Number of protein chains: 2
Amino acid sequence: MPRDRVTAMDVAARAGVSQSAVSRVFTPGGSASKETAAKVRAAADALGYRPNVLARSLITGRSRIIGLVVAYLDNQFYPDALERLSAALQKRGYHVLVFLANNRSDVSEMIDQMLDHQVDGIIAASVSLSNQLADRCEAAGIPVVLFNRGQDNWRLSEVTSDNLQGAAELAQYLVAGGHTRIAQVSGWLGSTTGRDRDRGFRDGLSSVGADLAASIDGRYARSEAASAARRLCDGPHPPEAIFCGNDHMAFAVMDALRFDLGMSIPGDVSIVGFDDVPMAAWKSYDLTTWSQPARAMVDTTVDTLMARIDDRTTHPKKHALPGRLVIRTSARGPATWPRPDKQGDSHARL
Amino acid sequence: MPRDRVTAMDVAARAGVSQSAVSRVFTPGGSASKETAAKVRAAADALGYRPNVLARSLITGRSRIIGLVVAYLDNQFYPDALERLSAALQKRGYHVLVFLANNRSDVSEMIDQMLDHQVDGIIAASVSLSNQLADRCEAAGIPVVLFNRGQDNWRLSEVTSDNLQGAAELAQYLVAGGHTRIAQVSGWLGSTTGRDRDRGFRDGLSSVGADLAASIDGRYARSEAASAARRLCDGPHPPEAIFCGNDHMAFAVMDALRFDLGMSIPGDVSIVGFDDVPMAAWKSYDLTTWSQPARAMVDTTVDTLMARIDDRTTHPKKHALPGRLVIRTSARGPATWPRPDKQGDSHARL
């Protein structure tokens, strides 16, 4: 490897800085002033010096790489989260090795490959790990944080929004808006987010004396959500409102109802979603939805992971962060919200 | 590192396979049957064996990591491309280290970090490299492929679609549809894709005796495209058709015209885009557009990169792949397309 023959000492001499300054410039996340970094990089370029990060990783046991498993990139929530996660990790001197998952067997193979690459930590977005996989990561000393998905395993940290509270407030908002026949295209009931939003929505309806007229599992997929919407509405007693388990499905539901069944939104039926992805604000949809706190979720995920990387005795943590209702025009609502008489406790857990 | 004390020989003995079979299982992209891989992984787990990929990388000089610089994740073309690129590279035993770029100084810093991580190659999606950066990659022996962006530098391979041909056919289609006053919200004219689509569209109009009534640079940004559309249409002589430099801007243009100016599409104005992202097929937009061959572009990018990784004497190549017109309802068109009398050469380069 000819480019390694030039040493850090040569670079330090040429740049007129100490050898430890050279080291700091070439350590991802290391502290060096912009001025020093520029001098050192220029000297390194002139001499053809390239630090051997792999060799350093062998010594420090740190690769400065975080493995990220992600599914559902067609749902705008995830490209946005990937961008935020990647930026937050870059600031700390880490980079993201991306693995795309579509089913459980994929995930197992990916975790193997991540361990082979000696990642310092793993973030799993909307993906579950088998208990065996979680054990394997634990045994290898690699902390795992689940992002926007929970799992009943104490070894895994997790960061979600408060799905129960969010879905409950959407239910109360629809009832306060005068809807009586209310249906749901749920998120995938095989996931904790799908189940929590389903339970939160039912609890929210109960809390104001209403109940759920019909529910179909949309499995977080566009085509299944559209077909669920047609089945719910193509009969003599269509619902007056539909709660969709995420925005991605809500857009499909709105398109199916408007263009396949000729219904008007919210004239014939109110639609609400969950996430508040950027597209929810586009005027073609203008979707009333629950805003998941993407920035806070990303910051908490990165903090939780870093804490466990720095100190492996730190216990895994489960976080459910507060979100907020974003009122737009896709659903009829009450004149004011939260209702003045309930303002005090409208954000309390039901 | 206690987990390295168990050797590949121990694993081979326990799994009842040869040591070279163990090595193949743990070499990313190595050939091993599913059955052998399962036996070896089980033996490795039981013994707590973990191959040291970093150590092997030092010996082979290969990290099996490709650096991917990507910008514009809010434009659905890129999450989709990222998914396809990542899947195609995973199949070859490579993984993608993602870097998110927003401006030129970022890119320079990112390339430095990629070189520090000793990536085997770099894919730059919709990002330009300074000539100095290109030289630095070349000196380090790291091939670079530009994806969906060109650049006048022979050291860099590039893969785009045939932007000139695509924009030209869209122009001819609009003229054949009976539009006379035709305007453009162009892609960013600082990029080769923006410039090529602009030139192709003007050439296409000229080829059938028409010309461009007005043009504003939308810079591939949603808010700039919306404001450009309002400026073009909020006067006494609005255009009859608008070509948008990509679909992402076309959606913003359609929302602005429908909801801010109360115009009907295509009744008052026809809209066409460029890309054919999944959302272009959603009924709220149902956008007539030029389909970039995303799959072929990804395959060509990966093939080009792999060829240069395997043999560094291979010359960089520039590819401009053919796409096709996708006719939907956002623009008035002729009764048949391509016109029967022109069918023979409708896809020929103008």
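Residues numbered from 1 in each chain as written. Chains lettered and ligands numbered in written order. Predicted model: local features only at pLDDT ≥ 70, side-chain atom pairs only at ≥ 80, totals over all residues. Heavy atoms only, no water.

Caption draft 1: Up close: the packing of aromatic side chains. One pass over the structure, following the stated rule, counts 14 aromatic pairs over all chains. Ring geometry for Trp282(A) versus Tyr285(B): centroids 6.4 Å apart, planes at 80 degrees, classification edge-to-face. Here Tyr285(B) lies in the loop between strand 9 (270-272) and strand 10 (289-291) and Trp282(A) lies in the loop between strand 9 (270-272) and strand 10 (289-291), a pairing that spans two chains. The same class applies to Trp282(A) as to Tyr285(B), namely buried. Plain terms: the ring middles of Phe77(B) and Tyr78(B) are 5.3 Å apart, the flat faces sit at 90 degrees to each other, and that makes the pair edge-to-face. With relative accessibility at 4%, the residue Phe77(B) sits in the buried group. Grouped by ring-pair contacts, the aromatic residues Phe77(A), Tyr78(A) and Phe147(A) constitute a single cluster. The lysine or arginine in question, Arg222(A), covers the ring of Trp282(B), its NZ or CZ lying 3.7 Å from the ring centre. (Phe/Tyr/Trp six-rings, centres within 6.5 Å; stacked < 30°, edge-to-face > 60°. Helix = DSSP H or I, 4+ residues; strand = E, 2+ residues; numbered from the N terminus. Buried < 20%, exposed > 50% of the residue type's maximum accessible area, 1.4 Å probe, protein only. Lys NZ or Arg CZ within 6 Å of the ring centre and 35° of its normal.)

Caption draft 2: Broad picture of the pattern of salt bridges. Residues and elements named next belong to chain A. Summed over all chains, the structure comprises 26 salt bridges over all chains. The closest approach of N and O atoms between Asp80 and Arg84, which form a salt bridge, is 3.2 Å. One end of the pair is Asp80 and the other is Arg84, both in helix 5 (residues 77-91) and 4 residues apart, which spans about a single turn. Residue classification places Asp80 among the partly exposed residues on the basis of a relative accessible area of 22%. (Salt bridge = Lys/Arg side-chain N within 4 Å of Asp/Glu carboxyl O.)

Caption draft 3: Highlighting the sheet that holds strand 4 (residues 144-147) of chain B. Pairing is mixed in the open sheet, where 12 strands are placed in the order 11(A)-5(A)-4(A)-3(A)-1(A)-2(A)-2(B)-1(B)-3(B)-4(B)-5(B)-11(B). Unpaired on one side and paired on the other, strand 11 (318-321) of chain A together with strand 11 (318-321) of chain B mark the two borders of the sheet. Between one strand axis and the next, the sheet turns through 20 degrees on average, direction left out of account. Direction of pairing for strand 3 (residues 121-125) of chain B relative to strand 4 of chain B: parallel, over a ladder of 4 bridges. For Ile123(B), the partnering residue across the bridge sits in strand 4 of chain B and is Val145(B). (Pairing = 2+ DSSP bridges. Axes fitted to C-alpha atoms, helices over the stretch in contact; angles between N-to-C directions.)

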